[in-house]
Structures are given as structure tokens and as C-alpha cells.
Amino acid sequence: MRYGAKCVLICLETGNYVAFGINICGCAHVRRNGGQVHFAATGDDAKRIIAKIAADAGCSRCIKSKSMVSEEINLVHALEAAGMDVVETDLGEFIVQIS
């Protein structure tokens, strides 16, 4: 199993100029290091992009770290609906997940 073979940055469009500027800087850095950048206009778009990347890579398990954006778009449910086993690394979220 290869770790860190590919970096993928998913940016949600916020309409906020400061966030856009940060995204552009982050995008350039990711691309310069061989990664891919995807822009999502909505949370649903982001979930579809992430699920497709996982499916294309043959993933069956997702180890998800704490992220407010992933909580806000209900990423865990989308990945589970796509047939993935999702494991939370945040202790509080893991307790909720197993209860």
C-alpha cells in the first residue's frame, strides 16, 4: 500500500475573495508537487467528486480525520452510501459513530 502517492485538494467555492486567494496559493502548491485540484460549487458536488476519486482508486475504507467542512456536507454518510467503510479518527466522532 502506498501512502502519500497523490495529494488531492477539494476547494468549496465561497465567493469570499480572501478564501479564493488562499485557494489559488494552495492550488499552485499542490499542482507544483504533482497533485490534483478540484473545485466544487456545492457540498453535494464535493461529495460526488470525493466519492468518484475513492471509487476510481478502488478504495473500500476511508480513515477520516476531523474536518468541519466534512461535517457540514455530511461526507461520512455519502461515502458510506457509496459502499465505503468509514472510520473516524476523532475520538468524540468515533464514539458517536459506534453508538
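Residues numbered from 1 in each chain as written. Predicted model: local features only at pLDDT ≥ 70, side-chain atom pairs only at ≥ 80, totals over all residues. Heavy atoms only, no water.

Asker: Would you mind going over the overall build of the chain with me for this structure?
Answerer: On a plain count of helices and strands, the chain comes out with five helices and four strands. Helices (α) and strands (β) of the chain occur, in sequence order from the N terminus, as β-α-β-α-β-α-α-β-α. Going through the 99 residues of the chain one by one, you find that 22% of them count as buried. Partitioning the intrachain contacts of the chain with sequence separation of at least 6 by distance along the chain shows that 56% fall at a separation of at least 24. (Helix = DSSP H or I, 4+ residues; strand = E, 2+ residues; numbered from the N terminus. Buried < 20%, exposed > 50% of the residue type's maximum accessible area, 1.4 Å probe, protein only. Contact = heavy atoms within 4.5 Å.)

Asker: What's the story with the nonpolar core in this structure? I'm lost.
Answerer: Within soluble globular proteins, side chains that are nonpolar generally end up buried alongside one another. Of all hydrophobic cores here, the largest spans 12 residues; its members are A40, A46, I49, A51, A54, C62, I73, L75, V76, L79, M84 and V86. Elements supplying a minimum of two residues to this core: α2 (43–56) and α4 (75–81). (Core = buried A, V, L, I, M, F, W, Y, C linked by side-chain atoms within 4.5 Å.)

Asker: It is not clear to me how the environment of V37 should be interpreted in this structure. Could you clarify?
Answerer: Inspection of the secondary structure puts V37 in strand β2 (residues 36–40). Separated by 10 residues in sequence, V37 and C27 place their C-alpha atoms 6.2 Å apart.

Asker: Quick question: what am I supposed to make of α2 here?
Answerer: Residues three or four positions apart in an α-helix share a direction because the helix packs 3.6 residues into each turn. For α2, with 14 residues, the first-to-last C-alpha span of 20 Å sits near the 20 Å given by 1.5 Å per residue. Note on α2: the residue one or two positions beyond its end, G58, has a positive phi of about 75 degrees. (Expected span 1.5 Å × (residues − 1).)

Asker: Whenever I open this one, the pairing of strand β3 (residues 61–64) confuses me. Can you help?
Answerer: As a general feature of sheets, a regular strand has side chains that alternate between the two faces. Only one face of β3 is buried, namely the one carrying C62 and K64, since none of R61 and I63 on the opposite face is buried. Taken together, the four bridges between β3 and strand β4 (residues 85–88) define a ladder with parallel strand orientation. Within β4, the position partnered with C62 by the bridge is V86. (Pairing = 2+ DSSP bridges.)

Asker: Sorry, what's going on with unusual backbone geometry here?
Answerer: Leaving glycine out, the prevailing phi sign among residues is negative, and the prevailing peptide bond configuration is trans. A positive phi angle, near 55 degrees, is found at N74, a position not held by glycine. Looking at where N74 falls in the secondary structure, it is placed in the loop between α3 (68–72) and α4.

Asker: Whenever I open this one, the pattern of salt bridges confuses me. Can you help?
Answerer: Should their charged atoms come close, side chains of opposite charge can pair. For the coordinates displayed, the defined rule picks out five salt bridges. With its nearest N and O atoms 3.2 Å apart, the salt bridge here joins K47 to D44. In this pair, K47 and D44 both sit in helix α2, three residues apart, roughly one turn of the helix. Residue classification places D44 among the partly exposed positions, given a relative accessible area of 44%. (Salt bridge = Lys/Arg side-chain N within 4 Å of Asp/Glu carboxyl O.)

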